[in-house]
Amino acid sequence: MSRIVDTVIVGGGMVGASVALRLAEAGMQVAVVEREPPPAIEDVAPCEVRVSALTHASEQWLEQLGVWKALLAQGAHPFRAMHVWADDVDGEVVFDAASVGEDNLGHVLPNRLIQAALWARMTDHANVTACFDSIEGFETEASGVHVVLEGGDVLHAQLLVGADGAFSRVRQLANIPLDAHEYGEAAIVGCVRTERPHQDACWQRYTAEGPVAFLAMQDNLSSLAWYLPQHKLDWVLSLDDEAFAEALTEASGGRLGRIDWVGERAGFPLVRRHAQRYHAERVVLVGDAAHTIHPQAGQGVNLGFLDAQVLCEEVLTAFEAKAPFWVPAVLSRYQRRRYMDNLAVQRAMDGFEWLFAHDLPWKRPLRQLVMLAGRLRPATQTLTRLALDARPGSY
Ligand SMILES: Cc1cc2nc3c(=O)[nH]c(=O)nc-3n(C[C@H](O)[C@H](O)[C@H](O)COP(=O)(O)OP(=O)(O)OC[C@H]3O[C@@H](n4cnc5c(N)ncnc54)[C@H](O)[C@@H]3O)c2cc1C
C-alpha cells in the first residue's frame, strides 16, 4: 500500500494518539503507525500495572479531544491531597486541594485506558488511517517525507511526528542526539490494597533507598510506585505475593497499615533522557520520544500532553493559514515553547532526587529545613497552585 497524507505519527501511545486526534479534527489527513494494537476500553482492567496521575491541564486537553467524560465514567479516580514525608526528619508536607478552593489535585487512571479512549474516538474519524506496523526508515526530500514501514507499506507526508516513546526509532533515524543519565534506581509499579483507606489521597514516603508512593484508585486500591536501588530490582520482583506485601509494608512504614493484597507488578530502570533538539528536517518529537524524567512527581505524560498541545497549536496555525506547517520556523517555535519547560521539570526532579538521597549526613538538616518550609501554609498553597495551573511556559 502507498498512501498520501499530511502528517504521519509514529507511536499511538497516549501522546501520539492525542496529536493524531487533534490534527484530524482540524481537517488534516493523518496516518498513525502503532506497533501494538491498542485495547478496547472495556478490556482495560481497573487494576492495571501502568497508571498516570493527570493534572488539570492534561484533563482539559483530554476534554478538548472529547474523551474526558468517557474516562471519568470508566473510573478515573480523583486525588484530593498529597502527603509527603521522609523517614529521617520530622513532620510531613500536605498538598491539599481544598486549601486552594479546588475539589481535587487531579485524577489517577490506567495508561491503557487513556490510550483506548483516544483510539476509540480516533478510529471513528474519517481523516485517520491506522497502520499496525513499525517504522523501517524514512527519506526526506523537497516534496515531502516518505515513511517506509516494516510490512512494506509506504506513507508520503509533509511532516513526520515521532511519538514512539523513550527508545524512539524516529529519533534515532533522524540522528537527533540524546543526553541521558541513569539514576541507578528502578521503580516497581503495580496495584495494591492497603489495610487502611487511602482517603482519596496520594502518600509518598522518602526512605534511605528512595520514595515509596501510593496513588489513590477506586475500591480502596492504590497504584504503587516503589523506588529502590537497581541491583535490588530482580530480587524484589522475584518475591511471591506474601513476601512482596510484607517487604512493601516495611518499606512504606505501615502508614496505611499492612498491604492486604498485591496484583501484577513490573519494574523499570530509571533514566533521564532529553533529545538535544526536538526537530530535524520535516521530523518532530513529542512526549517520551523527546524526554523522560524521574517519575517521582508523576509528570511524564503531563509534560507529553503539554508538548502535544503546543505542537498542534503551532502546526495548525500554519495549516489553517494554508502555509507550510513542516518548516523549521514552525517546528522551532514548538521547541522554543517546550524545551526549557521540560528541562526545568527534569532539573527540579533531580533536585529532589539529590536532596533525599541519604548519601551525605549534612543533607539531613537541609531536608529538615525543606520539610519545615513546606509545612508553612502559604508555601504549600503556592506549590499546589503552581502544579494545578501548569501550562506551557509556566516553569
Ligand atoms: C514507573 C513510572 C511511573 C510513571 N508515572 C507517571 C505518572 O504518574 N504520571 C505521568 O504523567 N507520567 C508517569 N510516567 C511517565 C509516563 O508513563 C510516560 O511519560 C508516558 O507513557 C509517555 O507517553 P508517550 O505516548 O510519549 O510514550 P509511550 O507511552 O511509550 O507510547 C509510545 C507508543 O509508541 C509505540 N511504538 C514504539 N516504537 C514504535 C515503532 N518503532 N513503531 C510503531 N510504534 C512504536 C509503542 O507501542 C507505544 O504505544 C511514569 C513512568 C514510569 C517509568
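In the block above lies the structure referred to throughout.
Along each chain, residues carry numbers from 1 onward, in the same order as the chain's sequence is written. Given that the model is predicted, a residue must reach a pLDDT of at least 70 before its local features are reported, and side-chain atom pairs must reach 80 or more before they are shown or counted; all residues, however, enter totals for whole chains, interfaces and linings. Heavy atoms from the whole structure form the basis of all side-chain values; hydrogens and water molecules are not counted.

### Topic: the site of the ligand
In the vicinity of the ligand, 31 residues are found, and the nearest of them are Glu34, Arg50, Asp288, Gly298 and Val301. Polar contacts here mean pairs of N or O atoms no more than 3.5 Å apart (in protein, one a potential hydrogen donor and the other a potential acceptor; neighbouring residues in sequence count only if both atoms are side-chain atoms). Arg50 is positioned with one of its side-chain polar atoms (N or O) 2.9 Å from an oxygen atom of the ligand. Within the backbone of Ala53, a nitrogen or oxygen atom sits 3.1 Å from an oxygen atom of the ligand. The protein chains hide 86% of the 1,000 Å² of surface that the ligand would expose on its own. Nearness here has a simple test: a residue counts as near a molecule or strand if at least one of its heavy atoms is within 4 Å of that partner. Computed by Shrake-Rupley with a 1.4 Å probe, the accessible areas treat only the displayed protein chains as cover when residues are assessed.

### Comments concerning a nonpolar patch on the surface
Only residues whose relative accessible area exceeds 30% and that take part in no salt bridge are eligible for patches, with like-charged residues grouped when within 9 Å of each other and nonpolar side chains (Val, Leu, Ile, Met, Phe, Trp, Tyr) grouped when within 5 Å. Here, a salt bridge means any side-chain nitrogen of Lys or Arg that lies within 4 Å of a carboxyl oxygen of Asp or Glu. Together, Trp354, Leu360, Trp362, Leu366 and Leu369 give the surface a local cluster of nonpolar side chains, amounting to about 510 Å² of exposed area. Helix and strand definitions here come from DSSP, where helices need a minimum of 4 consecutive H or I residues and strands a minimum of 2 consecutive E residues; each element is numbered from the N-terminal end. Relative to the helices and strands, Leu360 resides in the loop between α9 (328-356) and α10 (363-374). Relative accessible area serves as the criterion here: at 33%, Leu360 is assigned to the partly exposed category. Exposure categories follow from relative accessible area, calculated using a 1.4 Å probe and restricted to protein chains: below 20% of the type maximum is buried, above 50% is exposed, and the middle band is partly exposed.

### Section: the environment of His56
Within the fold, His56 resides in helix α2 (residues 56-64). The class for His56 is buried, based on a relative accessible area of 13%. For the pair formed by His56 and Leu105, sequence separation is 49 residues and the distance between their alpha carbons is 7.3 Å. When near neighbours in sequence (up to four residues on either side) are disregarded, His56 contacts Glu102, Asn104, Leu105, Gly106 and Leu388. Here, residues are in contact when the closest pair of their heavy atoms is within 4.5 Å.

### Examining the nonpolar core
Note on terminology: a nonpolar core comprises buried Ala, Val, Leu, Ile, Met, Phe, Trp, Tyr and Cys residues joined through side-chain atoms within 4.5 Å. Within the largest apolar cluster, 76 residues are counted, with the highest numbers of intra-cluster contacts made by Val8, Leu23, Leu62, Val147, Leu160 and Phe305. Here the element with the most residues in this core is helix α8 (residues 300-320); it accounts for 9 residues. Sequence-distant contacts of Phe305, defined by excluding residues within four places in its chain, comprise Met14, Val15, Ser18, Leu54, Ser58, Trp61, Leu62 and Ile114. Core analysis: the second largest hydrophobic core is formed by 44 residues, Val93, Val108, Phe214 and Met371 among them.

### Quick word on the environment of Gln115
With respect to the helices, strands and loops of the structure, Gln115 is situated in helix α4 (residues 111-122). Residues Gln115 and Ser18 lie 97 residues apart in sequence; the distance between their C-alpha atoms is 8.5 Å. For Gln115, the contacting residues outside a window of four places in its chain are Gly12, Gly13, Met14, Glu34, Pro38 and Pro39.

### Examining the sheet that holds strand β16 (residues 210-216)
As summarised here, the arrangement of the 8 strands in space is β7-β6-β15-β16-β17-β14-β18-β21, forming an open sheet in which the pairing is mixed. The open sheet terminates on both sides in strands that have one partner only, identified here as β7 (92-96) and β21 (291-292). Two strands qualify as a pair provided that DSSP identifies no fewer than 2 bridges between them.

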